[in-house]
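So the chains spell out like this:
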Amino acid sequence: MESALKDLSTPTGGVEDVYGEDCATEDQCITPWTIAVSSGYNLLRDPRYNKGLAFTERERDSHYLRGLLPPVISSQELQEKKLMQSIRQYDVPLHKYVAMMELEERNERLFYKLLIDNVEELLPIVYTPTVGEACQKYGSIFKRPQGLYISLNEKGRILEVLKNWPEKSIQVIVVTDGERILGLGDLGCQGMGIPVGKLALYTALGGVRPSACLPITIDVGTNNEKLLNDEFYIGLKQRRATGQEYYDLLHEFMSAVKQNYGEKILVQFEDFANHNAFELLAKYRTSHLVFNDDIQGTASVVLAGLIASLKLLGGALCDHTFLFLGAGEAGTGIAELIALEISNKTKIPVEETRKKIWLVDSKGLIVSGRKETLQAFKKPWAHEHEPVNNLLDAVKAVKPTVLIGTSGTGRTFTKEVVEAMACMNKRPLIMALSNPTSQAECTAEEAYTWSEGRVVFASGSPFPSFEYDGKLNIPGQANNCYIFPGFGFGLVMSGTIRVHDDMLLAASEALAAQVTEEHYAKGMIYPPFADIRKISAHIAASVAAKAYELGVATRLPQPTDLVKYAESCMYTPNYRSYR
């Protein structure tokens, strides 16, 4: 008996199995041990503290890294140069996206250093338009969790799930239910790419610490048949929960977030379907710090472009007539903010200023004769007019100076539509805002060509510069990235507890103020992304100033110079030295 016990206790493979892990069968439990302080091999596997070949000789000695790294010591700048060379060798944008995500998972500071220093080149990779394809294929490229997944399986236990996230000092949550991802529709659980991408930009463009950001996907199922039949789909394989079951889960989530993180946690809703987006924003805006980027962020960035464009179009905002193709959360959100801005400037009631703004949906121009069949959020835009069935006829009837596309349907600004706009206006403003690029209402080249180079153009996805009749035109990109990182950072740095529409107007005006005469000369109505950190600091300062003015900021006393304060609070990704 003694010899048998001795044989069982003999270590195999030359290393003693102290915890019995190697001997355990699949149905036996073992404890997944971790150590508290990162050093040695574990330090190289910790993305927040790993510096790769940039560890100094002293750090390699004090943190037990000798032999775990090649002898060369590299600077962060050289690492950046090497990685950018590597990323540029990929021809397929999705491959670049995967390479960037892998970098974030192994070296967080280097990831943000790359993104900040090469923002114009890498923004289309980590966000629109590549993130759309990444979401479509998220099940295939999923390797390790980058956020929290809260499904119907967790009902009644959401607070417990939130506590599983290792970081406790969260300031910003971006959450989606995956029902309306960009212009791609219901991607269910695979919509996680959106919160992950948005929060990467919160850090890179807005300066919020990565550890203070939490991406969350609420999985209530999907109505996407392709995903339901996909053996590799990573979410719940059931049709979407709706009605009371859906709202009960969301209410538990919002209550748990506030209980776990406090009053000042910012919850940003992303890519919820129209019927839920408006309901959730209306329900929680008076009790939580909430922001819907599709409704409010899009509205703010478009309004900024409109304010800036007045230098090129002439007149004041109240002198223009606006026509939208698309009457969903983006279209109606933009329309309402325009009406509020005109009301603030002219002191005319917002009910009257709305009459300068017309919307076209799938059934034609929204007019008073359709009021009985309209959804609640469309009814304020039902003006007195004869029925009009299509966009071209609506352009001819309304005679807009500004045409805005939020339809999610590509190539709907046809040659006839653009020519009609150019015929009526010396300098028409056309904004084709739908994402991704394939869903844009028209391309920059089409808009410039069909208007004989007279159009002021902006889009949601990026388009290259286009030369017409010897003049180089640089299309603007009405990208929410201009607004939400700085806007959210302004809320965080001031300790704001509620979002007010006046803060959105302040953000729009701050962004418009960053457009210079040099930019106008090139037809630009948005400043270049290369200056985005400076832009975000100004937006954050304006939002914070408005929060202090409205009495909803809790971080007291108010800093004297809010721009300098914002810049001093921003996260910077340069390597730190370790003891």
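Residues numbered from 1 in each chain as written. Predicted model: local features only at pLDDT ≥ 70, side-chain atom pairs only at ≥ 80, totals over all residues. Heavy atoms only, no water.

Some points on the pairing of strand E4 (residues 266–269)
A regular strand places its side chains so that they alternate between the two faces of the sheet. Across the two faces of E4 the burial is the same, with Leu266 and Gln268 and Val267 and Phe269 all buried. Relative to E4, strand E2 (residues 172–176) runs parallel, the two being bridged by four bridges. Counterpart to valine 172 in the pairing with E4 is leucine 266. Examined bridge by bridge, E4 and strand E5 (residues 289–292) share four bridges and lie parallel to one another. Paired with glutamine 268 across the two strands is phenylalanine 291, which belongs to E5. Assessed by its sense of winding, the connection that carries the chain from E4 through helix H14 (residues 274–284) to E5 is right-handed. (Buried < 20%, exposed > 50% of the residue type's maximum accessible area, 1.4 Å probe, protein only. Helix = DSSP H or I, 4+ residues; strand = E, 2+ residues; numbered from the N terminus. Pairing = 2+ DSSP bridges. Right-handed = clockwise from strand over helix to strand, strands pointing away.)

Concerning the state of the cysteines
Per the counting criterion, the structure on display carries zero disulfides. Cysteine cysteine 213 is unpaired, with the sulfur of cysteine 481 as its nearest cysteine sulfur at 14 Å. You can call cysteine 213 buried: its relative accessible area is 7%. Not engaged in a disulfide, the cysteine cysteine 481 finds its nearest cysteine sulfur in cysteine 135; these two sulfurs lie 14 Å apart. (Disulfide = S-S within 2.5 Å.)

A look at the side chain of threonine 443
Counting through the fold element by element, threonine 443 comes out in the loop between strand E10 (429–432) and helix H20 (444–450). In this structure threonine 443 touches Arg411, Phe457 and Phe463, once residues within four positions along its chain are discounted. (Contact = heavy atoms within 4.5 Å.)

Thoughts on the environment of alanine 134
Note that alanine 134 resides in helix H8 (residues 130–136). By relative accessible area, alanine 134 is classed as buried at 0%. For the pair alanine 134 and histidine 251, spaced 117 residues apart in sequence, the C-alpha to C-alpha distance is 29 Å. Setting aside residues up to four positions removed in sequence, alanine 134 forms contacts with Leu94, Tyr97 and Ile141.

Examining helix H11 (residues 193–204)
Each turn of an α-helix holds 3.6 residues, which means side chains three or four residues apart point in the same direction. The end-to-end C-alpha distance of H11, which contains twelve residues, comes to 16 Å, matching closely the 16 Å that a straight helix rising 1.5 Å per residue would cover. Taking burial as the measure, the twelve residues of H11 include twelve buried ones, the bulk of the element. Here H11 has its buried residues at Gly193, Ile194, Pro195, Val196, Gly197, Lys198, Leu199, Ala200, Leu201, Tyr202, Thr203 and Ala204. (Expected span 1.5 Å × (residues − 1).)

Notes on the sheet that holds strand E3 (residues 213–219)
Sheet architecture is open: five strands sit in the order E1-E3-E2-E4-E5, paired in parallel fashion. What marks the edges here is a single partner per strand, and that holds for strand E1 (148–151) and E5. Mean inter-strand twist for the sheet, computed between neighbouring axes without regard to direction, equals 25°. Bridging between E1 and E3 involves four bridges; their strand directions are parallel. Across the sheet, the residue bridging to serine 151 is aspartate 219, located in E3. Sitting on the sheet, H11 touches E2, E3 and E4, and the angle it makes with E3 is about 165°. (Axes fitted to C-alpha atoms, helices over the stretch in contact; angles between N-to-C directions.)

Things to note about the packing of helix H15 (residues 293–313) against helix H22 (residues 501–512)
Put simply, H15 and H22 touch, their axes get as near as 8 Å, and they point 45° apart. Taken together, H15 and H22 sit at an angle that is classed as oblique. Crossing angle aside, the handedness with which H15 passes H22 is right-handed. Every residue of H22 that contacts H15 at Gln296, Ser300, Val301, Leu303, Ala304, Ile307 and Ala308 is listed here: Asp501, Leu504, Leu505, Ala507, Ser508, Glu509, Leu511 and Ala512. (Parallel < 35°, antiparallel > 145°, perpendicular 65-115°, else oblique. Left-handed = near helix turned anticlockwise from the far one by under 90°.)

Notes on the environment of asparagine 389
By the secondary structure assignment, asparagine 389 is in the loop between strand E8 (364–365) and helix H18 (391–398). Taking the relative accessible area as the measure of exposure, asparagine 389 reaches 64% and is therefore exposed. It is 4.2 Å that separates the C-alpha atoms of asparagine 389 and glycine 364, two residues lying 25 residues apart in sequence. Non-local contacts of asparagine 389, meaning those with residues more than four positions away in its chain, are made with Lys363 and Gly364.

Quick look at the nonpolar core
With 121 residues, the main nonpolar core has Ile338, Met431, Phe487 and Tyr526 as its most contacted residues. Formed by 35 residues, the second largest nonpolar core is a distinct cluster that contains Ile158, Leu162, Trp165 and Ile218. (Core = buried A, V, L, I, M, F, W, Y, C linked by side-chain atoms within 4.5 Å.)

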